[in-house]
Amino acid sequence: MCLLGLVVLLIYPDARIVGDWNLKPVLFLVGWLAYNLFSYIWAKDNLEVLRYSLWIVRYLVLFLIYSKLFTYFRYLRWFQWFLYGIVLLWVATAVVEMVTFKHLSVSKHVGELTYMPTGPFYGENHLAAYLMLFSPFLIFVPVISGHKGWGYLSAFVTLVIVVIMTIQGARIAMLAMGAFLLWFFVFILKWKHKFVLLAVLALLGGGIYVKFKKEIQFVYTVLQYQTETLGTERSSIYMSSIQIRKQLLRESFNLAAGSWFMGVGGGNFEPQMRSEAIYRTGGIQNPHNFLMELFGNWGILILGAFVALNLHWLLGLWRLFRRSQGPQRTRYLMYLVSLLLFLPVSILPSSIRWQYFIWIYFAAVNATLHTKPESAPEVAA
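Bear in mind that the values here come from a model prediction, so they are computed numbers and not experimental data.

Attention shifts here to the overall build of the protein chain. Helix and strand counts for the protein chain stand at 15 helices and zero strands. Residues classed as buried in the protein chain amount to 50% of the 381 residues present. Taking the intrachain contacts of the protein chain between residues at least 6 apart in sequence as the baseline, contacts between residues at least 24 apart amount to 72%. Element-wise, carbon and sulfur atoms account for 69% of the exposed surface of the protein chain, whose accessible area totals about 19,000 Å².

The structure is reproduced here in structure tokens:
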């Protein structure tokens, strides 16, 4: 399907596939693919290298398709509404899971009688990660549109997302989401909107509490437990999630250092971890950190290139934000905050590389730097 989409775009070459607007990320992906194939020479499991090469090819093809598509501003503009809508669908799915104890077939909890929501993903951390990554679109899109009704809906859905993350016990998501919401409330919302928001949330909260008092008490108990264990988790006799992640950082560095910082080869992080290292990480063999996954598998060159690419996007969005006014300024801020949230997102689930959708999102981030609002399909240099 990816190749078919690329062929369709090549049939109508009214805009180039590669140009000044997407050269840096395309060079990164091509370089990543080439380096991964090169790692076949020293990798312990050569088959994993070939499998990872296919994944990187999919990333490249998806990025090329949507990078070209987003040279049309009308498609880039509608993409933010697509993300808004998909967050609503994910939240609705999670609510249904919590109410009915039923899950989609992709969930690891399918067939289990549990309220733990995973949405359209395998695990709850993946759902929490993507809800957090796209939460700026949920909050800023109504501001851009100027419709108050969408704003009230976003406020309510955001509250539901916080409840979902609390029930999931996604502590990294809770901390990052809390910091983002606090910043938005203090520095972005106007005073009158703050009072209206607090009043609406109070009325909704009071009505929901009266109607679902037992359920609210249960959620409060879970929230209280998660908050208390944030500080006491370190002293647990069992390895906590935070302790495991710290140890995984050490193991990732050791693997990279043991290969002269060239990496152990694409897909070879897990095979290397299956030795004695797995006993030091509580049985976890995935780095649970996308940056460390790049570092362990492909070394300092690919990690440095990816960090440099993200800094290029962040600085570019910041400059555009400073120079712009009105809805465009808000749109640049929306993408900037979302990309900043990518850091905690990348360390929350076991790995984000399984979801190819992240490279469609990156294509939109890159296009936001270059596609002018009035351009169709003209692309800014």
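On we go.
What follows concerns the pattern of salt bridges. Here the structure, examined in full by the defined rule, presents two salt bridges. Two residues, Glu 124 and Lys 108, come together in a salt bridge whose shortest N-O distance is 3.8 Å. Here the residue Glu 124 occupies a position in helix H5 (residues 124–145), and Lys 108 occupies one in the loop between helix H4 (73–100) and H5, the gap between them amounting to 16 residues. Overall, Glu 124 belongs to the buried group, its relative accessible area being 14%. A relative accessible area of 36% places Lys 108 in the partly exposed class.

Counting 96 residues, the largest nonpolar core has Trp 32, Trp 359 and Phe 362 as the members making the most contacts within it. In terms of residue count, helix H13 (residues 290–323) provides more of this core than any other element does, 14 residues in total. Excluding its chain neighbours within four sequence positions, the residues that come into contact with Trp 359 are Phe 28, Leu 29, Trp 32, Tyr 59, Phe 63 and Phe 306. Leu 248, Leu 255, Val 264 and Met 273 belong to the second-largest nonpolar core, a separate cluster that totals seven residues.

Overall, the predicted model of the protein chain reaches an average pLDDT of 86, with 86% of residues at or above 70. Within the model, the stretch residues 232–238 combines pLDDT values under 50 with seven contacts to residues more than four positions away or in other chains. Per-residue pLDDT stays below 50 along residues 375–381; that stretch engages in 15 contacts with residues further than four places along the chain or on separate chains.

On to H13, then. Taking 1.5 Å per residue as the helical rise, H13 with its 34 residues ought to reach 50 Å, whereas the 32 Å between its terminal C-alpha atoms falls clearly short. The largest bend in H13 is about 140°, located at Gly 299. Put simply, Asn 289 is the residue that caps the front of H13, since its side-chain oxygen is 3.0 Å from the backbone nitrogen of Leu 291.

Next up on the list: a nonpolar patch on the surface. A surface patch of nonpolar side chains, about 390 Å² in accessible area, is lined by Leu 37, Tyr 40, Leu 47 and Leu 50. As for its placement among the helices and strands, Leu 50 is situated in helix H3 (residues 46–69). Leu 50 gets classed as partly exposed once you look at its relative accessible area, which sits at 41%.

Within the structure shown, the criterion is met by 47 aromatic pairs. A ring pair is formed by Phe 134 and Phe 357, whose centres lie 5.8 Å apart and whose planes are at 85°; its orientation type is edge-to-face. Here the residue Phe 134 occupies a position in helix H5, and Phe 357 occupies one in helix H15 (residues 357–370), the gap between them amounting to 223 residues. Taking the relative accessible area as the measure of exposure, Phe 134 reaches 0% and is therefore buried.

In this section: the packing of helix H2 (residues 23–38) against H13. Where H2 meets H13, the axes come as close as 10 Å, and the angle between the chain directions of the two elements is 170°. By the angle class used here, H2 and H13 are roughly antiparallel. In contact with Lys 24, Pro 25, Phe 28, Gly 31, Trp 32, Tyr 35 and Asn 36 of H2, H13 contributes Phe 290, Leu 294, Trp 298, Leu 301, Ile 302, Ala 305, Phe 306, Leu 309, His 312 and Trp 313. Among the residues forming the contact of H2 with H13, the class breakdown is 13 nonpolar, three polar and one charged.

This part is about unusual backbone geometry. Despite not being glycine, Trp 260 has its phi angle at roughly 60°, a positive value. Here Trp 260 lies in the loop between helix H10 (241–258) and helix H11 (269–273). A relative accessible area of 75% means that Trp 260 is categorised as exposed. Phi is positive for Phe 261, close to 60°, though the residue is something other than glycine.

Let's shift gears to helix H14 (residues 326–346). Counted at 1.5 Å a residue, the expected span for H14 with its 21 residues is 30 Å, and the 31 Å between its end C-alpha atoms agrees. With 16 of its 21 residues buried, H14 lies for the most part within the structure.

This part takes up the packing of H14 against H15. Viewed as axis vectors pointing N to C, H14 and H15 meet at an angle of 140°, and their least axial separation amounts to 11 Å. Comparing the axis directions of H14 and H15 gives the class oblique. For the crossing formed where H14 meets H15, the hand is left-handed. Residue-level inspection shows Arg 331, Tyr 332, Tyr 335, Ser 338, Leu 339 and Phe 342 of H14 in contact with H15, the latter providing Ile 358, Tyr 361, Phe 362, Ala 364, Val 365 and Thr 368. For the contact of H14 with H15, a count of residues per class yields nine nonpolar, two polar and one charged.

The rules we used
- Residues numbered from 1 in each chain as written.
- Predicted model: local features only at pLDDT ≥ 70, side-chain atom pairs only at ≥ 80, totals over all residues.
- Heavy atoms only, no water.
- Helix = DSSP H or I, 4+ residues; strand = E, 2+ residues; numbered from the N terminus.
- Buried < 20%, exposed > 50% of the residue type's maximum accessible area, 1.4 Å probe, protein only.
- Contact = heavy atoms within 4.5 Å.
- Areas by Shrake-Rupley, 256 points an atom, 1.4 Å probe, with all protein chains shown as cover.
- Salt bridge = Lys/Arg side-chain N within 4 Å of Asp/Glu carboxyl O.
- Core = buried A, V, L, I, M, F, W, Y, C linked by side-chain atoms within 4.5 Å.
- pLDDT = per-residue confidence, 0-100.
- Expected span 1.5 Å × (residues − 1).
- Bend = angle between axes of the 7 residues up to and from the residue.
- Polar contact = N/O pair within 3.5 Å; in protein donor to acceptor, adjacent residues only side chain to side chain.
- Patch = residues over 30% accessible without salt bridge, like charges linked within 9 Å, V, L, I, M, F, W, Y side chains within 5 Å.
- Phe/Tyr/Trp six-rings, centres within 6.5 Å; stacked < 30°, edge-to-face > 60°.
- Axes fitted to C-alpha atoms, helices over the stretch in contact; angles between N-to-C directions.
- Parallel < 35°, antiparallel > 145°, perpendicular 65-115°, else oblique.
- Nonpolar A, V, L, I, M, F, W, Y, C, P; charged D, E, K, R; others polar.
- Left-handed = near helix turned anticlockwise from the far one by under 90°.

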